[in-house]
Amino acid sequence: MNRVSLLIASILIVLGLSNVHSQEKYILKNTIPDGNYKLEQNLLVSLIISSEETNSVSQTKTKFFWNVTVSSPDSTTHEIIMKPKRIMYQYAPDGIRGDRIVYDSDHSITADKKLDSIYRVFIDSEFRITLDAQYNVVKVQGLKEVWDKIAEKSNKEVQKIAQSLQTSITETSFADAFNQFNYGIPKSEVAVNDSWETTIATELPLYGKTETVWKNSLDSVYEENGRKYYVIQSNSAFVLEQNDADVENTITAEYDLETGLNRKYSNYSKVTVEQEIELDGKIQTIKSVALIRGNQTLTPQ
């Protein structure tokens, strides 16, 4: 074999070995090992309303800090106890203009009194979530008691605010929030860049039940401080028939390859609605766009 042929053969061998390595298959799992955790959740909601004559942007920011304890009473059951440690909330009615509402449970003396009377009940409560062996939610406890306490202690104005929150913070939405971490996990082993689909039935606040097809892919596997992690990218797009709303979702979830712990999670959603209404005898098209950005980090203690 001449030198040129030997060089080409060497290159082909290296490329072949590289390809074999890149096609390494992984069995992905999603679990929450027993122990104590700190959970930080951030949510930013921007609402943009535009028409021929007006344009407005409002923003709501919410931060939750939780103490989380996970235990397994038996081989088929897991229990999660979540206790809020701090709640931060900010509302800007029209971008940087207008009167802002700012709340921080760590500074309740100067906080908005109406919000404090609601969130203080959350701070003083704990939520218990029971999961099956596959970490699917079986039962959520604690939310009903929170809303009952708020209804007993609050005046009508505060109760009205609480009722608007209650439509989005339900036992079902709590369960869906946990179950979504299982949505993108494939049942068979996969390699980086492999893709698969899952169809998920969820219940959206104000809109009811809907089925969504998620397109998932194993984006990467990487090593950090001696541990391996995998990253799943998920996308979906659908139309809510109730009001012809176009919905787009993107989720990035990062897991510990060995334990299956979902340590980082981020999502982006865009909901677009166009409606024709009559104003001053003139038909106008009102376009509403809601941009929802969220992320959370779960850290073992």
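Structure: see above.
Residues numbered from 1 in each chain as written. Predicted model: local features only at pLDDT ≥ 70, side-chain atom pairs only at ≥ 80, totals over all residues. Heavy atoms only, no water.

Digging into the overall build of the protein chain
Applicable threshold: In DSSP terms, a helix is any run of H or I states spanning at least four residues, a strand is any run of E spanning at least two, and both are numbered starting from the N terminus. Working rule for contacts: check all heavy atoms of both residues, and any pair within 4.5 Å makes them a contact. In these tables, accessible area is a Shrake-Rupley quantity obtained with a 1.4 Å probe, and a residue counts as shielded only by the protein chains included in the view.
In terms of helices and strands, the protein chain carries five helices and twelve strands. Sequence-distant contacts in the protein chain: of pairs separated by 6 or more residues, those separated by 24 or more amount to 54%. For the protein chain, the accessible surface area stands at approximately 17,900 Å², while carbon and sulfur atoms represent 52% of it.

Thoughts on the packing of aromatic side chains
Note the threshold: Two rings from Phe, Tyr or Trp (for Trp, the six-membered ring) form a pair when their centres are within 6.5 Å of each other. A pair whose planes differ by under 30 degrees is stacked, one over 60 is edge-to-face, and the rest are tilted. Only protein chains enter the accessibility calculation, which uses a 1.4 Å probe; a residue whose area is less than 20% of its type maximum is buried, one above 50% is exposed, and one in between is partly exposed.
Applying the stated criterion across every chain yields a total of nine aromatic pairs. With a centroid separation of 6.0 Å and an interplanar angle of 65 degrees, the aromatic rings of Trp 66 and Phe 127 are classed as edge-to-face. Of this pair, Trp 66 sits in strand E2 (residues 55-74) while Phe 127 sits in strand E5 (residues 127-131); the two residues are 61 residues apart in sequence, bridging distant segments of the chain. Both residues of the pair, Trp 66 and Phe 127, count as buried. Aromatic side chains Tyr 89 and Tyr 119 sit 6.4 Å apart centroid to centroid with 45 degrees between the ring planes, which places their arrangement in the tilted category.

Comments concerning the packing of helix H2 (residues 113-123) against helix H3 (residues 143-153)
Quick note on the threshold: Fitted lines through C-alpha atoms serve as axes, helices being fitted only where they are in contact, and the angles separating the N-to-C directions of these axes extend from 0 to 180 degrees. For any helix crossing, the convention is left-handed if the near helix is rotated counterclockwise from the far helix by under a right angle, and right-handed if that rotation is clockwise. Polar here means any residue other than Ala, Val, Leu, Ile, Met, Phe, Trp, Tyr, Cys and Pro, which are nonpolar, and Asp, Glu, Lys and Arg, which are charged; Gly is therefore polar.
As a packed pair, H2 and H3 sit with axes 10 Å apart at the nearest point and diverge in direction by 145 degrees. The two elements H2 and H3 cross, and the hand of that crossing is right-handed. When H2 is examined against H3, the residues Ile 118, Val 121 and Phe 122 are found in contact with a partner set consisting of Leu 143, Val 146, Trp 147, Lys 149 and Ile 150. Grouping the constituent residues of the contact of H2 with H3 by class yields seven nonpolar, no polar and one charged.

Overview of the pattern of salt bridges
For clarity, the threshold we go by: Salt bridges are defined by distance alone: a side-chain nitrogen of Lys or Arg within 4 Å of a carboxyl oxygen of Asp or Glu.
Scanning all chains against the criterion turns up twelve salt bridges. Taking the shortest distance from any N to any O, the salt bridge between Asp 256 and Arg 227 comes out at 2.8 Å. Linking Asp 256 in strand E10 (residues 245-256) with Arg 227 in strand E9 (residues 227-240), this pair joins segments that are 29 residues apart in sequence. Linked through salt bridges whose partners overlap, the residues forming this network are Glu 79, Glu 126 and Arg 128.

Some remarks on unusual backbone geometry
Of note in this structure, Tyr 135 is not a glycine but carries a positive phi near 65 degrees. Along the polypeptide, Tyr 135 turns up in the loop between E5 and strand E6 (137-141). Exposure remark for Tyr 135: the relative accessible area of 13% places this residue in the buried category. The backbone of Asn 225 sits at a positive phi, close to 50 degrees, despite the residue not being glycine. Its location among the elements puts Asn 225 in the loop between strand E8 (208-224) and E9.

Observations concerning H3
Keep this limit in mind: In this description, the arc belongs to the directions extending from the helix axis to the C-beta atoms.
Taken as a whole, H3 has its buried residues at Leu 143, Val 146, Trp 147 and Ile 150. An end-on view of H3 places all buried positions within 90 degrees of arc, on one side of the element. In this structure, H3 carries Lys 144, Glu 152 and Lys 153 as exposed residues pointing more than 90 degrees from its buried face.

Quick look at the environment of Leu 28
In this structure, Leu 28 sits in the loop between helix H1 (3-22) and strand E1 (35-50). It is 9.6 Å that separates the C-alpha atoms of Leu 28 and Leu 218, two residues lying 190 residues apart in sequence. Excluding anything up to four places from it in sequence, Leu 28 contacts Ile 185, Pro 186, Val 190, Leu 218, Tyr 230, Ile 232 and Leu 257.

So, a negative patch on the surface
Short version of the rule: Two distance rules govern patches: like charges are joined within 9 Å, and nonpolar side chains (Val, Leu, Ile, Met, Phe, Trp, Tyr) within 5 Å, applied only to residues with over 30% relative accessible area and no salt bridge. Under the counting rule used here, the positive set is Lys and Arg, the negative set is Asp and Glu, and His together with the chain ends is not counted. Where a charge sits is defined by one atom per residue type, namely NZ (Lys), CZ (Arg), CG (Asp) or CD (Glu).
A cluster of like negative charges, contributed by Glu 241, Asp 244, Asp 246, Glu 248, Glu 274 and Glu 276, occupies part of the molecular surface. Mapped by element, the contributors of at least two residues to the negative patch are E10 and strand E11 (262-279). Using a relative accessible area of 57% as the deciding quantity, one classes Asp 244 as exposed.

Overview of the pairing of strand E12 (residues 282-300)
Keep this limit in mind: The rule for pairing is simple: two strands pair if DSSP sees at least two bridges between them.
Note that E1 and E12 share 14 bridges and pair antiparallel. Within E12, the position partnered with Leu 44 by the bridge is Arg 293. Relative to E12, E11 runs antiparallel, the two being bridged by 16 bridges. In the sheet register, Ser 266 faces E12, and the bridge partner there is Asn 295. With antiparallel pairing between neighbouring strands as the criterion, E11 and E12 make up a hairpin whose turn holds two residues, including Asp 280 at a positive phi of roughly 55 degrees.

Regarding the nonpolar core
Inclusion rule: Nonpolar cores were defined as sets of buried Ala, Val, Leu, Ile, Met, Phe, Trp, Tyr and Cys residues, with membership established by side-chain atoms within 4.5 Å.
Of all hydrophobic cores here, the largest spans 35 residues; its most connected members are Trp 66, Val 68, Ile 80, Met 82, Phe 122, Ile 150 and Phe 174. Per-element accounting of this core gives the leading share, six residues, to H2. With near-sequence residues (within four places) excluded, Ile 150 lies in contact with Ile 118, Val 121, Phe 122, Gln 159 and Ala 162.

As for the side chain of Ser 105
Structurally, Ser 105 can be placed in the loop between strand E4 (101-104) and H2. Ignoring any residue separated from it by four or fewer positions in sequence, one finds Ser 105 in contact with Lys 85, Arg 86, Ile 87, Arg 120 and Ile 123.

None of the figures reported here should be taken as evidence of function without further support.
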